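Now for the letters of each chain:
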Amino acid sequence: MLHIKCPYCGIRSQKEFAYGGDATVKRPKLNSEVSDKEWDDFVYMRKSPRGKHTELWHHISGCRQWFKAQRDTTTHEIFETAKINEEIK
Ligand SMILES: [Zn+2]
């Protein structure tokens, strides 16, 4: 069974978490002119990386906080987790 370290609660079972998507996607700047393609890319286009990737996770059955996790998409090993406003090295 996979275990994930919530930056607020500590190590918990994977069953308590929900995957939230790619944490590297940047929203277009607020109040700026955005083309349809830029908006479509932001909303729909995602990469499917192999290897280390930074993702959003939600501790849905715990503290209900969102956080970042750096995970290897091939082995599912989690290298690091951080609060949403913190950097992952
Ligand atoms: Zn938590």
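Read on for an overview of the structure. As the structure is a prediction and not an experimental result, all values here were calculated from the model. (Residues numbered from 1 in each chain as written. Predicted model: local features only at pLDDT ≥ 70, side-chain atom pairs only at ≥ 80, totals over all residues. Heavy atoms only, no water.)

## Some points on the pairing of strand β5 (residues 66–72)
In regular strands, side chains alternate between the two faces of the sheet.
Reasoning step 1: Within β5, 6 of the 7 residues are buried, leaving the element largely enclosed by the surrounding structure.
Reasoning step 2: As defined by bridge partners, strand β4 (residues 52–58) adjoins β5 across 7 bridges and the pair is classed as antiparallel. Within the sheet, the bridge partner assigned to E55 lies in β5 and is A69.
Reasoning step 3: Looking at chain direction, β5 and strand β6 (residues 78–83) are connected through 5 bridges and run antiparallel. Bridge pairing in β6 links F67 to K83.
Reasoning step 4: The antiparallel hairpin formed by β5 and β6 contains 5 residues in its connecting segment, where H76 sits at a positive phi of about 70°. (Buried < 20%, exposed > 50% of the residue type's maximum accessible area, 1.4 Å probe, protein only. Helix = DSSP H or I, 4+ residues; strand = E, 2+ residues; numbered from the N terminus. Pairing = 2+ DSSP bridges.)

## Examining the sheet that holds β6
Reasoning step 1: One open sheet accounts for 4 strands, arranged β3-β4-β5-β6; its pairing is antiparallel. Of all the strands in the sheet, just β3 (18–22) and β6 have a single pairing partner and so form its edges. Neighbour to neighbour, the strand axes of the sheet diverge by 30° on average, direction disregarded.
Reasoning step 2: Summarising the sheet, β3 and β4 pair through 4 bridges and their orientation is antiparallel. The partner of D22 across the bridge, within β4, is E55. (Axes fitted to C-alpha atoms, helices over the stretch in contact; angles between N-to-C directions.)

## Thoughts on the side chain of K68
Reasoning step 1: Locating K68 in the fold gives a position in strand β5.
Reasoning step 2: Of the side chains bearing the opposite charge, E87 lies closest to the buried K68, which forms no salt bridge; the N-O distance is 4.8 Å.
Reasoning step 3: A distance of 2.9 Å separates a polar side-chain atom of K68 from the backbone oxygen of E86.
Reasoning step 4: If sequence neighbours within four positions are ignored, K68 has contacts with A23, T54, E55, L56, E80, T81, A82, K83, I84, E86 and I88. (Lys, Arg positive; Asp, Glu negative; His and termini not counted. Salt bridge = Lys/Arg side-chain N within 4 Å of Asp/Glu carboxyl O. Polar contact = N/O pair within 3.5 Å; in protein donor to acceptor, adjacent residues only side chain to side chain. Contact = heavy atoms within 4.5 Å.)

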